[in-house]
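Observations on the three-dimensional arrangement
Residue strings, one per chain:
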Amino acid sequence: MAQTHYIINPASNGGAGLRVWKAFQTAWAEPIDSSAITFTEHPGQAREIAANIGTGGILVVAGGDGTVGEVISGIMDRPEPRPRLGIIPCGTGNDIARCAHIQSLEASIKALQGGESQAVDLIRIERGDGKQTNVRHAFLFANAGFSSIPMMKPWMKRFLGATGAYYLATLLQVILFRPRFMEIRIDEVDYSGPTFLLIASNAEYAAGGSMRIAPGARIDDGELNISIIQPLPLLKLAAKLFASMADGSYINEPEVSYLTGQRIEIRCTPSVVLDLDGELFGTTPATFSVAPLALDLIHAPAPKLDAAE
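Structural notes, computed from the coordinates. (Residues numbered from 1 in each chain as written. Predicted model: local features only at pLDDT ≥ 70, side-chain atom pairs only at ≥ 80, totals over all residues. Heavy atoms only, no water.)

Some words on the overall build of the protein chain
Along the backbone of the protein chain there are 7 helices and 16 strands. Since a compact globule built from 309 residues should have a radius of gyration of about 19 Å, the 19 Å found for the protein chain is in line with a globular shape. In terms of principal-axis extent, the alpha carbons of the protein chain reach across some 60 × 45 × 40 Å. Looking at the protein chain residue by residue over its 309 residues, the buried ones come to 51%. In the protein chain, the proportion of contacts linking residues at least 24 apart, taken out of those at least 6 apart, comes to 71%. Each charge class in the protein chain was averaged separately, 25 positive and 32 negative side chains, and the resulting centres sit 6 Å apart. (Helix = DSSP H or I, 4+ residues; strand = E, 2+ residues; numbered from the N terminus. Rg over C-alpha atoms; globule rule 2.2 N^0.38 Å. Buried < 20%, exposed > 50% of the residue type's maximum accessible area, 1.4 Å probe, protein only. Contact = heavy atoms within 4.5 Å. Lys, Arg positive; Asp, Glu negative; His and termini not counted. Charge placed at Lys NZ, Arg CZ, Asp CG, Glu CD.)

Considering the pattern of salt bridges
Throughout the structure, instances matching the rule amount to 12 salt bridges. Between D77 and R47 there is a salt bridge, with its nearest N and O atoms 2.8 Å apart. Taken as a pair, D77 in the loop between helix 3 (65-76) and strand 4 (84-89) and R47 in helix 2 (residues 45-52) lie far apart in primary sequence, 30 residues in all. Judged by relative accessible area, R47 falls into the partly exposed class, the value being 22%. Note that R124 and E126 form a salt bridge whose closest N and O atoms lie 3.3 Å from each other. (Salt bridge = Lys/Arg side-chain N within 4 Å of Asp/Glu carboxyl O.)

Some words on the sheet that holds strand 11 (residues 224-229)
Spatially, 12-11-10-7-14-15 is the arrangement adopted by the 6 strands of the open sheet, whose pairing is antiparallel. Two strands bound the open sheet, and with one partner strand each, they are strand 12 (256-261) and strand 15 (279-283). Recorded for the sheet is a direction-independent mean angle of 20° between the axes of neighbouring strands. Strand direction decides the pairing type here: strand 11 and strand 12, joined by 6 bridges, are antiparallel. Paired with I229 across the strands is V256, a residue of strand 12. (Pairing = 2+ DSSP bridges. Axes fitted to C-alpha atoms, helices over the stretch in contact; angles between N-to-C directions.)

Focus on the environment of E204
Here E204 is to be found in the loop between strand 10 (197-201) and strand 11. Each C-alpha atom, one on E204 and one on A217, is 4.9 Å from the other, the two residues being 13 residues apart in sequence. Here the side chain of E204 touches R212 through a polar contact of 2.8 Å, side chain to side chain. (Polar contact = N/O pair within 3.5 Å; in protein donor to acceptor, adjacent residues only side chain to side chain.)

Notes on the state of the cysteines
This model, assessed by the stated rule, comprises 0 disulfides. Sulfur of C99: no disulfide; nearest cysteine sulfur belongs to C90 and is 17 Å away. (Disulfide = S-S within 2.5 Å.)

Details of the nonpolar core
Membership of the largest hydrophobic core comes to 91 residues, with the highest contact counts inside it found for L85, F139, I229, I264 and F288. Looking at this core, the element that brings in the most residues is strand 16 (residues 286-298), giving 7 residues. Of all hydrophobic cores here, the second largest spans 5 residues; its members include M152, M156, A165 and A169. (Core = buried A, V, L, I, M, F, W, Y, C linked by side-chain atoms within 4.5 Å.)

Comments concerning the side chain of S201
Its location among the elements puts S201 in strand 10. For S201, the contacting residues outside a window of four places in its chain are I123, L140, F141, I213, A214, E223, L224 and N225.

Overview of a nonpolar patch on the surface
On the surface, W155, F159 and L160 cluster together to form a nonpolar patch covering roughly 360 Å² of accessible area. Residue placement: W155 occurs in helix 6 (residues 154-176). (Patch = residues over 30% accessible without salt bridge, like charges linked within 9 Å, V, L, I, M, F, W, Y side chains within 5 Å. Areas by Shrake-Rupley, 256 points an atom, 1.4 Å probe, with all protein chains shown as cover.)

A word on the pairing of strand 8 (residues 180-186)
Of the two faces of strand 8, the one holding R180, M182, I184 and I186 is buried and the one holding F181, E183 and R185 is not buried anywhere. Across 7 bridges, strand 8 lies against strand 9 (residues 189-195) in antiparallel orientation. Bridging across to strand 9, M182 finds its partner in G193. Joining the antiparallel neighbours strand 8 and strand 9 is a turn of 2 residues, in which D187 adopts a positive phi near 55°.

Looking at the packing of aromatic side chains
Inspection of every chain in the model, using the stated rule, returns 7 aromatic pairs. The interplanar angle of 20° and the centroid separation of 5.5 Å between the aromatic rings of W21 and F24 together place this pair among those described as stacked. Residue W21 and its partner F24 are located together in helix 1 (residues 12-27), separated by 3 residues, close to a single helical turn. Each member of the pair, W21 as well as F24, is classed as buried. Between F177 and F196, the aromatic rings sit 5.6 Å apart at their centres with planes inclined by 85°, giving edge-to-face as the arrangement. Pair noted here: F177 is in the loop between helix 6 and strand 8 and F196 is in the loop between strand 9 and strand 10, with a separation of 19 residues, a long-range link. Since its relative accessible area comes to 12%, F177 is described here as buried. On the accessibility criterion, F196 (4% relative accessible area) is buried. Ring pairs connect the aromatic residues Y6, W21, F24 and W28, which therefore count as one cluster. (Phe/Tyr/Trp six-rings, centres within 6.5 Å; stacked < 30°, edge-to-face > 60°.)

Below, the structure written as structure tokens:
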């Protein structure tokens, strides 16, 4: 492929990144120029590489959702025309790759060989007090409030997998977290009150595809699907709400408001962490907004459904 650069996180998923990359090189039919390959050495470097690499063609990232998210933000740091994004999934969850119908090395190779792409939305996150603003982009979701990430440890994913690690970290954080008073503006409508969690979703599924956090969400509709979750009794929170996120039925609970919008402004007392696609990004105040059709994502053909389905 002409004008293609590869960004590899060799440490992804406990070293799986390097193993998968070597398997890709073996399976790929054409030789890959070593000058077109960059290995990351520390967090944040993938964004720097993607923002500055001298190609307008294709950036292929071998890593998990965290590395892919860094590359997406790096692509968005660039002026147009921006490179297309290809993914070789190497993480534990690989939710972004799943949205491109890529759940294996073989699917990734077929997608890159086919070269078909789709323009998809992103979530733009601006964090700061007006004096200094930091910007990132997320693909799956942006959360303000409760987050299991501060409790997530590397060993959890290694021994329990993405889903098991999520549930354990969530249970631990439920014990410690206290809801905050949030002032929220969605487009031109204001909300305020004690809030457990606000979720702005671009994609329907997260957490290794096990959590249907945004029923009906689409990655190309120019809308964010928004959940505002009010405080719940601890027993209901632990026993029912998180379990019902598996099939999306949590949106029917009386403590949950579910709506769509394009821009969300959030202020909170005291401030809460921002969780973007499973990565922390400082604290509130913040603004979430949709970036319509901002990314060109290389994808594999959608799986064919059985006639009985």
